[in-house]
Amino acid sequence: MSLQGKHKKRKGAQPITPKTWPGGLYNGLSVLKNTPGLARTPMILMWTITIGFNKSPFAKQFYQWLNANYTHRQIHSWGTFIATTSSYWLLGILFMIADLTGRPKWLMKYKLQPWKKVSAKEYINICLVALRNQLLGASALSYIMGRWIAPWRGMRTDAPLPGVFETLGTYVFCIMCMEAGFFYVHRLLHHPLFYTRIHKMHHEFTAPVALASTYCTVTEYIFSNLMPIIIGLVILGSHWSMIIMFFSDLGFGTLCTHSGYNIPYAYRSLQHDFHHYFSNENYGPTGLLDAVYGTATNFRLLLKEAEARHQGDFHKASQELMKDVARWEGERENGDNLESEDSNSDTLSNTGSAEVASLKKL
């Protein structure tokens, strides 16, 4: 589809820096709370909680009790499965209640695509698929970890507990492994050979919701959702507390990035919402390899110019961008200026002086 000329640059769309905030103090604070660094607040909180707990007197008592009552295999198998899935469902259900009821009101203003709703019937199907994947995929992998991998790698469940440097080092190393694993597997799943058979199910929702983060085939769930997470942990032979920290943080992150809400001080969903429309952009979870391979160039250009039009306000720019994307999608579905279906490509017009490259949509 060609969208040449449909998205015009508006007057005054100059880059806004923190030193030149228009709109006074209120807009300055609005820009500040949506800066990329503050979106990593949950990650810093997870570090703080893990380090603080492991250094507390209660931690030593807890791990003594845990190891006295359960075997290492049980802790790595059922302990990991119960801890990670229960936290996933707790937050996921809260997002589901918000989607279905429209409450709390303060949360609704952060919804990127409020014009798109997921019905209760669709939510039931999403929950059933997510539960199936966890029972077939997560439980099996947890058992394999407890039965074979953890003993082989010496992944302890007792004292001494990891300190500050081990905790931070483990997190950074595992994030790098996860970024590489997820990026390359995800990009491979968009190859025509695998997309229809494995990955297309996950793209059924162009406005995804939190629990739809695991709405996919079992194959994708194991190789794309789970395997990249455990790679770094297995290489390092990490302590069980590191496993819980990393899985919990990524569980929270994947729920937020699929939720459709750009909540201040939380992981953003804009990047992945955009990917659900244009599937050759934003493959990775952190954006590092997307920057290396140039697979987020159009997304960043469009967002940058939208932010300039809204005086640096990331949230307003995000909503405008998704409205434009939804409009382009509507024109595609309505046959407005469609090119040959055989080309299997969409082209966004430039939003100003730079030309936006072709965006393919599977």
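Everything numeric in this text was worked out from a predicted model, so none of it was measured.

**A closer look at the overall build of the chain**
Summing up its helical and strand segments, the chain has 14 helices and three strands in all. In the chain, which comprises 362 residues, the proportion classed as buried is 51%. Across the chain, every contact between residues at least 6 apart in sequence was considered, and the portion connecting residues at least 24 apart equals 74%. Counting every atom, the chain has about 17,500 Å² of accessible surface; 64% of that belongs to carbon and sulfur.

**Considering the packing of aromatic side chains**
Each pair of aromatic rings is reported with the distance of its centres and the angle of its planes. Summed over all chains, the structure comprises 21 aromatic pairs. On the numbers, 5.8 Å between centres and 70° between planes, the contact of F53 with F58 is edge-to-face. Ring pairing ties together the aromatic residues F53, F58, F62, Y63, W65, Y70 and W240, which thus form one cluster. Its end group placed over the ring of Y261, K111 keeps NZ or CZ at 4.3 Å from the ring centre.

**Things to note about the nonpolar core**
Ranked by internal contacts, the top residues of the largest apolar core, which has 58 residues, are I126, Y171, L211 and F246. Elements represented by at least two residues in this core include exactly α2 (41-55), α3 (57-69), α4 (72-101), α6 (120-153), α7 (164-189), α9 (218-236) and α10 (240-259). Contact partners of L211, with chain neighbours within four places excluded, come to Y88, W89, G92, I93, M96, Y123, I126, C127, A130 and L255. Within the second largest apolar cluster, 16 residues are counted, among which are L112, L270, F278 and A306.

**So, the packing of α4 against α10**
At a minimum axis distance of 10 Å, the contact between α4 and α10 shows a crossing angle of 25°. By the angle between their directions, the pair α4 and α10 is classed as roughly parallel. Considering the relative orientation of α4 and α10, their crossing is right-handed. Between α4 and α10, the residues in contact are I75, H76, G79, T80, A83, T84, S87, Y88, L91, G92 and F95 and W240, I243, I244, F247, S248, G251, F252, T254, L255, C256 and S259, respectively. Split by residue class, the contact of α4 with α10 holds twelve nonpolar, ten polar and no charged.

**Concerning the side chain of T167**
Turning to its location among the elements, T167 is positioned in helix α7. Residue classification places T167 among the buried positions, given a relative accessible area of 0%. Polar side-chain contacts of T167 include one of 2.7 Å to the backbone oxygen of G163. When near neighbours in sequence (up to four residues on either side) are disregarded, T167 contacts T50, I51, P162, M242 and M245.

Parameters at a glance
Residues numbered from 1 in each chain as written. Predicted model: local features only at pLDDT ≥ 70, side-chain atom pairs only at ≥ 80, totals over all residues. Heavy atoms only, no water. Helix = DSSP H or I, 4+ residues; strand = E, 2+ residues; numbered from the N terminus. Buried < 20%, exposed > 50% of the residue type's maximum accessible area, 1.4 Å probe, protein only. Contact = heavy atoms within 4.5 Å. Areas by Shrake-Rupley, 256 points an atom, 1.4 Å probe, with all protein chains shown as cover. Phe/Tyr/Trp six-rings, centres within 6.5 Å; stacked < 30°, edge-to-face > 60°. Lys NZ or Arg CZ within 6 Å of the ring centre and 35° of its normal. Core = buried A, V, L, I, M, F, W, Y, C linked by side-chain atoms within 4.5 Å. Axes fitted to C-alpha atoms, helices over the stretch in contact; angles between N-to-C directions. Parallel < 35°, antiparallel > 145°, perpendicular 65-115°, else oblique. Left-handed = near helix turned anticlockwise from the far one by under 90°. Nonpolar A, V, L, I, M, F, W, Y, C, P; charged D, E, K, R; others polar. Polar contact = N/O pair within 3.5 Å; in protein donor to acceptor, adjacent residues only side chain to side chain.

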